[in-house]
Amino acid sequence: MIETENLTKKFWDLTAVDNLTLHVDDGEVFGFLGPNGAGKTTTIRILCCLISKTSGTATIGGYEIGNKADWLKIRKTIGLVPDNVGLSENLTAYDNLDFYGKIYDLSDTQRKENNKRFLEMLGLWDKRNVLAGTFSKGMKQKLAIARALIHDPQVLFMDEPTANLDPEASKTVRDFILQLKKEKKTIFLNTHNLDEAQRICDRVAIMNTSLRAIGTPQDLESSVSGRKTVIGLEQQVNEPVLGALKKLPLKNLSINGDTITFDVEDPDKENSPVVETIVLAGGHVRSINVVGSTLEDTYLKLLRK
Amino acid sequence: MRLSKAWIVAARDFKIFRRVKNVWSSIIIFPVVISVLFPVILEYLAVRGSHGLAAPGVLPNLLNSFSFFLVIGAANVPLGIASYSVVGEKVEKSLEPLLATPLTDGEILLGKAISAVIPTLVAMYAAAVVFMVGIDGVTFNTLGYYYFPNWNIATLLLVLMPVAIVMSVLFSVIVSSRVNDVRSANSFGIFILFPLLGIYLSSETSIITLDVSTLLIISGAILAVDVALFFLSTKTFRREEILTKWK
């Protein structure tokens, strides 16, 4: 659905996005992670035809970004929830949506249906005649999402949709994104909330001007830092157990009192022989835990590179 | 450029203006002041008094000069509207989602212009009617005829006023792109009134006479300024600049 190849954006001598190559599949929730100034918003703006690219190519639904013949089709294909919600504060929630419905040439009936549908889905129908300026941050964010969906776009770009929201409002937004996923919408999610990305994204890309990594959250976690198995014994690790373990091809084996730790790639396959070896050497296993490096570990490691 | 799309933008702005006190007060106050004040001034200072201004030979020039205030008013009123219209979007950061829609820059700009021009024209034409009726009521006994309507005021209202309003709106759009709050936009916008005030003072000091031909020449000059400002404003209203430079 979204393809970029060597996409680059320079502001004079500053490179904001450098040779970005990625693809986002139809119906995928794609997380775009990176620190402030990493080029995430710039990428979204290029993909939404808001700013020009310096070089490279990008397409959405087969339509080419930068091709004047395609820009209208692209804009009808996409919806944007910008980092600043950008609502007309002196308009009611209903009028905010209705205005966008008119821009997208929805008929009166379609507009009424869609306004009602999205305001109800996001719990704002009772507040439809209230000025958007009086809304809480969470309500504004929901209204901005409804606005971006009013013309039923295939692709939704969301720039930090849960930033500055309280946990409850964040959860509502996340749940709504998952609901959109069920409806097969393609969602391009800019965020630096790693927990959020891990929970709702099918794949994530880590970006810091250039692309640092791309894959499922699980792939990224294991590819960079790997996972560790931590085995607890009922007594201190003794010489027979230690000697037996040293004969196994374990990576980064470390012993700390009654705890044995080693790197593992496939815990399901690799842990059984280790436990068996410990037991045969007279050890009594109390617990086995597989500890993964978190997406946060991966993210920080990649950004420090 | 699709006029229907520009109209959607303008219609939304009309709805917003209803709720912004500064905007509708600027639409109402200045026209009311002009339309009521000048007949009252004329009544008390010229006609009832003995200042010599009420002499039938002098009065038409004075009335033409007074009429020119309708143009100054017309240029003043949209300053508040256009400034709010553009700077308001900037403050609310509502331009980014708007720019991501299928609207072109020209359609957005035209919508903004329509939303500033139409209320101004309506308010100023209403003010002009009150002004003409008031002046006629005050000067009929002196002149022996109703001075308004005449070709002068027709030229002023139908030719000069619209081009002056457009000039003011375009100037406001340009100013608004360089400032971050409505008050600053208004303050800088006032500069567009100086040439018009200069014309008014020139007429009061008899350097020029505001007859039909002079009004047409002034209109032509302002139209040329409009064209120049239009090109300037389209250069200013570039989505890339709006998103990356407007803070």
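See the structure above.
Residues numbered from 1 in each chain as written. Chains lettered and ligands numbered in written order. Predicted model: local features only at pLDDT ≥ 70, side-chain atom pairs only at ≥ 80, totals over all residues. Heavy atoms only, no water.

Colleague: Help me out: how do you make sense of the sheet that holds strand E8 (residues 186–191) of chain A in this one?
Modeller: In sheet architecture, strand pairing relies on hydrogen bonds along the backbone and comes in two forms, parallel and antiparallel. All names here are of chain A. Strand order in this open sheet of 6 strands is E6-E7-E8-E3-E9-E10, and the pairing throughout is mixed. Strand pairing shows two members of the sheet lacking a second neighbour, strand E6 (78–81) and strand E10 (210–215), which therefore form its edges. On average, adjacent strands in this sheet sit at an angle of 15° to one another, irrespective of strand direction. Summarising the sheet, strand E9 (residues 203–208) and E10 pair through 5 bridges and their orientation is antiparallel. Looking across to E10, one finds that Ala205 is bridged to Ile214. Here helix H6 (residues 167–182) sits on the sheet and contacts strand E3 (29–33), strand E7 (155–159) and E8; the angle it forms with E8, its principal contact strand, is near 155°. Against the sheet, helix H11 (residues 295–304) contacts E3, E9 and E10, and its axis sits at roughly 30° relative to E9. (Pairing = 2+ DSSP bridges. Helix = DSSP H or I, 4+ residues; strand = E, 2+ residues; numbered from the N terminus. Axes fitted to C-alpha atoms, helices over the stretch in contact; angles between N-to-C directions. Contact = heavy atoms within 4.5 Å.)

Colleague: Looking at this structure, how should I read H6 of chain A?
Modeller: All names here are of chain A. Taking 1.5 Å of rise per residue, 16 residues should cover 22 Å, and H6 covers 23 Å from first to last C-alpha, within 8% of that figure. The set of residues buried in H6 consists of Ala169, Ser170, Val173, Arg174, Phe176, Ile177 and Leu180. Angularly, the buried residues of H6 cover 160° about the axis, an arc narrow enough to put them on a single face. Residues of H6 that are exposed and angled more than 90 degrees away from the buried face: Pro167, Glu168 and Lys182. (Expected span 1.5 Å × (residues − 1). Buried < 20%, exposed > 50% of the residue type's maximum accessible area, 1.4 Å probe, protein only. Arc of directions from axis to C-beta.)

Colleague: Teacher, can you tell me more about the interface of chain B and chain A here?
Modeller: Where interface size is quoted, it is often the accessible area lost as the parts come together. Taken together, the contact between chain B and chain A spans 26 residues of the former and 33 residues of the latter. Here chain B and chain A share an interface that buries about 2700 Å² over both sides, 61% of which is from carbon and sulfur atoms. Contact with chain A buries area across many residues of chain B, yet Arg19, Glu96 and Pro102 of chain B alone supply 22% of it, more than any other trio. Joining chain B to chain A, the criterion identifies 3 salt bridges. For Asp105 of chain A, the salt bridge is made with Lys5 of chain B, and the minimal N-O distance between the two is 2.5 Å. At the junction of chain B with chain A, the criterion picks out 9 residue pairs in polar contact (both at pLDDT 80 or more). Here the side of chain B that touches chain A is composed, by residue class, of 12 nonpolar, 4 polar and 10 charged. (Buried area = accessible area lost by both parts, 1.4 Å probe. Salt bridge = Lys/Arg side-chain N within 4 Å of Asp/Glu carboxyl O. Polar contact = N/O pair within 3.5 Å; in protein donor to acceptor, adjacent residues only side chain to side chain. Nonpolar A, V, L, I, M, F, W, Y, C, P; charged D, E, K, R; others polar.)

Colleague: What is the right way to look at the side chain of Asn96 of chain A in this model?
Modeller: All names here are of chain A. By the element assignment, Asn96 lies in helix H3 (residues 93–103). On the accessibility criterion, Asn96 (2% relative accessible area) is buried. With residues up to four places along the chain from it excluded, the contact list for Asn96 reads Leu87, Ser88, Leu91, Ala132 and Leu143.

Worth remembering: the numbers are spatial, not functional.
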